[in-house]
Amino acid sequence: MTSHLKKVELHCHLEGAAPPALTLAQARKYNIDISAYLADGVYVWHDFASFLECYDKVSEVYKTEEDYALLTESYLDELAGIGTIYSELIVSPDHGKRIGLGADAYIEGVCEGIRRAKTKSGIEARLIVTGERHFGPESVVGAAEYAAKAKNPLITGFNLAGEERMGRVADYARAFDIARDSGLGLTIHAGEVCGAFSVADALEVVRPSRIGHGVRAIEDTDLVKRLADLGTVLEVCPGSNIALNVFPDFASHPLRKLKEAGVRVTISSDDPPFFHTSLEREYELAADAFGFNDAAINEMTRTGIEAAFVDEPTRQALFARM
Ligand SMILES: Nc1ncnc2[nH]cnc12
Ligand SMILES: [Zn+2]
């Protein structure tokens with residue numbers, strides 16, 4: 001039972017949180033055939049590459065500022081309903097451009113959703129702009145430039161997501177330099193689909209305070225020690241890792257080993273309905289599948305607040321709500 005615990009989520013892709021029923025309604029509204037990617041109320045994919053394709057197709061049925069406001073508001077309402085006090089949403093202004101809405105209107109819709117949810121429940125939220133590796137280094141630089149110039153107080157971080165097997169982290173270094181110079185918090189997907197080398201690359205090239213997943217660092221003992229020594233926070237998404245077959249089952253998932261080795265870990269849901277999970281389930285898994293007691297789970301939640309891309313008064317206000 002974790003329903004009594006306060007919760008924090010640092011790693012959830014906004015479009016990845018789209019409920020299948022809402023996606024279907026959106027597809028019907030815009031007369032889009034989504035049947036190859038959504039059938040019988042579940043998203044259809046079979047491996048990491050087809051998951052990314054499905055994710056991109058699903059994203060295309062959200063088209064207007066109001067669509068994004070509604071999607072954001074609905075997800076944050078769901079989080080607030082399970083005791084979540086803080087959420088970071090990974091967003092892609094590039095996607096706004098690709099669907100013809102434009103990056104500013106896309107972000108404005110998301111911000112409107114954040115304001116609506118906060119008015120109702122007090123949930124605090126921030127945005128992490130992401131580049132997608134499979135759209136190439138230039139597009140990732142474009143995302144970083146957008147985030148750096150936006151001067152939007154809700155945009156506080158920069159990320160790199162997408163096909164981890166495409167290129168090396170060094171190919172995306174310039175985007176992270178732009179984001180770092182503008183004062184954004186840095187995180188990067190690494191050690192999810194690719195092995196420990198990808199996490200080592202990320203540490204060397206990006207020097208991020210956080211890493212998305214990072215779980216395959218477990219393949220290299222020295223690297224695990226380095227993560228612990230540096231205090232790098234891992235945004236661990238166990239349900240996602242099992243769904244994508246990064247590990248065969250929860251018994252072989254390294255969350256506990258990483259924590260016991262002194263690595264700072266937090267728990268998130270990544271793309272919840274795609275992976276048949278939710279933040280609520282991830283907290284339940286922490287208790288039931290990983291055997292963490294309330295104190296250990298609260299420690300991970302506090303780590304999330306420590307690592308959140310927020311100003312200090314907001315961080316202290318979040319600690320006060322724990
Ligand atoms: N789990 C994941 N890994 C990389 N890119 C993603 N984009 C959405 N979900 C992702
Ligand atoms: Zn992710």
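The model shown is predicted, which means the values in this text are computed figures rather than measured ones. (Residues numbered from 1 in each chain as written. Chains lettered and ligands numbered in written order. Predicted model: local features only at pLDDT ≥ 70, side-chain atom pairs only at ≥ 80, totals over all residues. Heavy atoms only, no water.)

Some remarks on unusual backbone geometry
Here is step 1: Even without a glycine there, the phi angle at Asn31 is positive, about 55 degrees.
Here is step 2: The class for Asn31 is exposed, based on a relative accessible area of 73%.
Here is step 3: Its identity as a non-glycine residue notwithstanding, Asp40 has a phi of 50 degrees, on the positive side.
Here is step 4: Tracing the chain through its elements places Asp40 in the loop between strand S2 (38-39) and strand S3 (42-43).
Here is step 5: With relative accessibility at 81%, the residue Asp40 sits in the exposed group. (Buried < 20%, exposed > 50% of the residue type's maximum accessible area, 1.4 Å probe, protein only. Helix = DSSP H or I, 4+ residues; strand = E, 2+ residues; numbered from the N terminus.)

Some details on the sheet that holds strand S9 (residues 233-236)
Here is step 1: Taking strand neighbours across the sheet as the criterion, the eight strands line up as S1-S4-S5-S6-S7-S8-S9-S10 in an open arrangement whose pairing is parallel. Edge positions in the open sheet fall to strand S1 (7-13) and strand S10 (264-267), since each of these has one partner strand only. The sheet shows a mean angle of 25 degrees between the axes of neighbouring strands, taken without regard to direction.
Here is step 2: With four bridges joining them, strand S7 (residues 185-190) and strand S8 (residues 210-213) adopt parallel strand pairing. Within the sheet, the bridge partner assigned to His189 lies in S8 and is Gly212.
Here is step 3: Strands S1, strand S4 (84-91) and strand S5 (124-132) of the sheet are contacted by helix H3 (residues 65-81), whose axis makes an angle of about 150 degrees with S4.
Here is step 4: Across the sheet, helix H13 (residues 294-307) lies against S1, S4, S8, S9 and S10, angled at about 100 degrees from S10, the strand it touches most. (Pairing = 2+ DSSP bridges. Axes fitted to C-alpha atoms, helices over the stretch in contact; angles between N-to-C directions. Contact = heavy atoms within 4.5 Å.)

Re the site of ligand 1
Here is step 1: Near ligand 1 the following residues occur: His13, Phe48, Phe51, Leu52, Tyr55, Ala161, Gly162, His189, Glu192, His213, Asp270 and Asp271.
Here is step 2: Separating a nitrogen atom of ligand 1 from a side-chain N or O atom of His13 is a distance of 3.4 Å.
Here is step 3: Here a nitrogen atom of ligand 1 sits 2.9 Å away from a polar atom, N or O, in the main chain of Gly162.
Here is step 4: Isolated, ligand 1 exposes 260 Å² of accessible area, and the fraction of that covered by the protein chains is 99%.
Here is step 5: By residue class, the composition of the shell around ligand 1 is five nonpolar, four polar and three charged. (Near = heavy atom within 4 Å. Polar contact = N/O pair within 3.5 Å; in protein donor to acceptor, adjacent residues only side chain to side chain. Areas by Shrake-Rupley, 256 points an atom, 1.4 Å probe, with all protein chains shown as cover. Nonpolar A, V, L, I, M, F, W, Y, C, P; charged D, E, K, R; others polar.)

Points about the nonpolar core
Here is step 1: Ranked by internal contacts, the top residues of the largest apolar core, which has 97 residues, are Phe51, Leu127, Phe158, Ile211 and Phe274.
Here is step 2: Ranked by size, the runner-up nonpolar core spans 10 residues in total, among them Val233, Ile305, Ala307 and Leu318. (Core = buried A, V, L, I, M, F, W, Y, C linked by side-chain atoms within 4.5 Å.)

Focus: the pattern of salt bridges
Here is step 1: Counting across every chain of the model gives 23 salt bridges.
Here is step 2: Arg116 is the salt-bridge partner of Glu73, the closest N and O atoms lying 3.1 Å from each other. With Glu73 in helix H3 and Arg116 in helix H5 (residues 103-121), this residue pair connects regions lying 43 residues apart in the sequence.
Here is step 3: For the salt bridge of Glu108 with Arg115, the shortest nitrogen-to-oxygen distance reads 2.6 Å.
Here is step 4: Within this structure, Glu66, Glu73, Asp77, Glu108, Glu112, Arg115, Arg116 and Lys120 form a network of salt bridges that share partners. (Salt bridge = Lys/Arg side-chain N within 4 Å of Asp/Glu carboxyl O.)

Notes on the UniProt feature "binding site: Zn(2+)" (unreviewed entry) in the protein
Here is step 1: On the UniProt side, "binding site: Zn(2+)" (unreviewed entry) is annotated at positions that read His11, His13, His189 and Asp270 here. Spatial clustering of the annotated residues is evident: they stretch over 260 residues in sequence, but the largest pairwise C-alpha distance comes to 11.8 Å.
Here is step 2: Checked against the element boundaries, His13 lands in strand S1.
Here is step 3: Not counting residues up to four positions away in its chain, the partners in contact with His13 are Tyr55, Ile90, Ala161, His189, Asp270 and Asp271.
Here is step 4: Structurally, Asp270 is set in the loop between S10 and helix H12 (279-288).
Here is step 5: One polar contact links Asp270 to His213, side chain to side chain, over a distance of 3.3 Å. (UniProt positions renumbered as here; feature names shortened; annotations may be inferred.)

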